[in-house]
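# Survey of secondary and tertiary structure
What follows is the residue order along each chain.
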Amino acid sequence: MVLKVVIVIIAAFLIYVFLFKKGREKEINKKDEMITDEMVECPTCKTYVSKKEAIVSNGKFYCSKECLLDK
(Lines give C-alpha, C1' and ligand atoms only; values in the text may rest on other atoms or scores of the structure.)
Protein backbone atom coordinates (compact mmCIF):
# COMPACT_ATOMS: atom_id res chain seq x y z
CA MET A 1 0.00 0.00 0.00
CA VAL A 2 2.73 2.48 0.99
CA LEU A 3 4.79 1.48 -2.05
CA LYS A 4 1.87 2.26 -4.37
CA VAL A 5 1.44 5.72 -2.82
CA VAL A 6 5.16 6.47 -3.21
CA ILE A 7 5.10 5.33 -6.85
CA VAL A 8 2.05 7.51 -7.59
CA ILE A 9 3.70 10.53 -5.96
CA ILE A 10 6.92 10.01 -7.93
CA ALA A 11 4.99 9.54 -11.18
CA ALA A 12 2.95 12.70 -10.54
CA PHE A 13 6.13 14.65 -9.80
CA LEU A 14 7.82 13.45 -13.00
CA ILE A 15 4.76 14.32 -15.09
CA TYR A 16 4.66 17.77 -13.51
CA VAL A 17 8.36 18.37 -14.21
CA PHE A 18 8.15 17.28 -17.85
CA LEU A 19 4.94 19.15 -18.64
CA PHE A 20 5.81 22.46 -17.02
CA LYS A 21 9.56 22.59 -17.68
CA LYS A 22 9.09 24.04 -21.18
CA GLY A 23 6.87 26.82 -19.88
CA ARG A 24 9.46 27.87 -17.33
CA GLU A 25 12.23 27.89 -19.95
CA LYS A 26 10.17 30.19 -22.17
CA GLU A 27 9.60 32.60 -19.28
CA ILE A 28 13.33 32.72 -18.54
CA ASN A 29 14.14 33.41 -22.20
CA LYS A 30 11.58 36.24 -22.32
CA LYS A 31 13.15 37.85 -19.27
CA ASP A 32 16.60 37.65 -20.89
CA GLU A 33 15.27 39.35 -24.02
CA MET A 34 13.82 42.17 -21.97
CA ILE A 35 17.12 42.80 -20.22
CA THR A 36 19.23 43.02 -23.38
CA ASP A 37 17.91 46.41 -24.53
CA GLU A 38 20.72 48.83 -25.37
CA MET A 39 20.72 52.36 -23.98
CA VAL A 40 21.91 55.30 -26.10
CA GLU A 41 22.71 58.90 -25.17
CA CYS A 42 20.65 61.75 -26.54
CA PRO A 43 23.10 64.28 -28.07
CA THR A 44 20.92 67.25 -27.05
CA CYS A 45 20.14 66.69 -23.37
CA LYS A 46 22.71 63.93 -22.60
CA THR A 47 20.12 61.60 -21.06
CA TYR A 48 20.00 57.91 -21.85
CA VAL A 49 17.04 56.34 -23.62
CA SER A 50 16.25 52.83 -24.74
CA LYS A 51 17.38 52.24 -28.31
CA LYS A 52 13.97 50.73 -29.04
CA GLU A 53 12.16 53.87 -27.87
CA ALA A 54 14.57 56.45 -29.30
CA ILE A 55 13.84 58.67 -32.30
CA VAL A 56 16.49 58.21 -35.01
CA SER A 57 17.52 61.11 -37.23
CA ASN A 58 20.70 61.28 -39.33
CA GLY A 59 22.17 58.31 -37.47
CA LYS A 60 21.68 59.90 -34.04
CA PHE A 61 19.28 58.76 -31.34
CA TYR A 62 17.09 61.38 -29.63
CA CYS A 63 14.99 60.88 -26.50
CA SER A 64 12.05 63.05 -27.63
CA LYS A 65 10.69 65.20 -30.44
CA GLU A 66 11.67 68.31 -28.46
CA CYS A 67 15.33 67.28 -28.37
CA LEU A 68 15.18 66.40 -32.07
CA LEU A 69 13.87 69.88 -32.91
CA ASP A 70 16.33 71.66 -30.55
CA LYS A 71 19.39 70.15 -32.23
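Below, the structure is looked at part by part. Quick caveat, the model's predicted, so the values are computed rather than measured. (Residues numbered from 1 in each chain as written. Predicted model: local features only at pLDDT ≥ 70, side-chain atom pairs only at ≥ 80, totals over all residues. Heavy atoms only, no water.)

## Regarding the pattern of salt bridges
For the record, the criterion: Each reported salt bridge corresponds to a side-chain nitrogen of Lys or Arg within 4 Å of a carboxyl oxygen of Asp or Glu. In this text, helices come from DSSP runs of H or I with a minimum length of four residues, and strands from runs of E with a minimum of two, each type numbered from the N-terminal end. Remark: exposure states derive from per-residue accessible area (1.4 Å probe, protein chains only) relative to the maximum for the residue type, with buried under 20%, exposed over 50%, and partly exposed in between.
Applying the stated rule across the entire model yields one salt bridge. Across the pair lysine 51 and glutamate 38 runs a salt bridge whose closest N-O atoms are separated by 3.6 Å. Placement of the pair is lysine 51 in the loop between strand 2 (48-50) and strand 3 (55-57) and glutamate 38 in the loop between helix 1 (2-35) and strand 1 (39-41), with a sequence separation of 13 residues. Lysine 51 gets classed as partly exposed once you look at its relative accessible area, which sits at 34%.

## Description of the state of the cysteines
Filter applied, for reference: We call a pair of cysteine sulfur atoms a disulfide whenever their separation is within 2.5 Å.
In total, this model carries zero disulfides according to the counting rule given. Free of any disulfide, cysteine 63 has its nearest cysteine sulfur in cysteine 45, 3.5 Å distant. Cysteine 63 provides the cysteine sulfur closest to cysteine 67, a residue in no disulfide bond, and the two sulfurs are 3.6 Å apart. You can call cysteine 67 buried: its relative accessible area is 10%.

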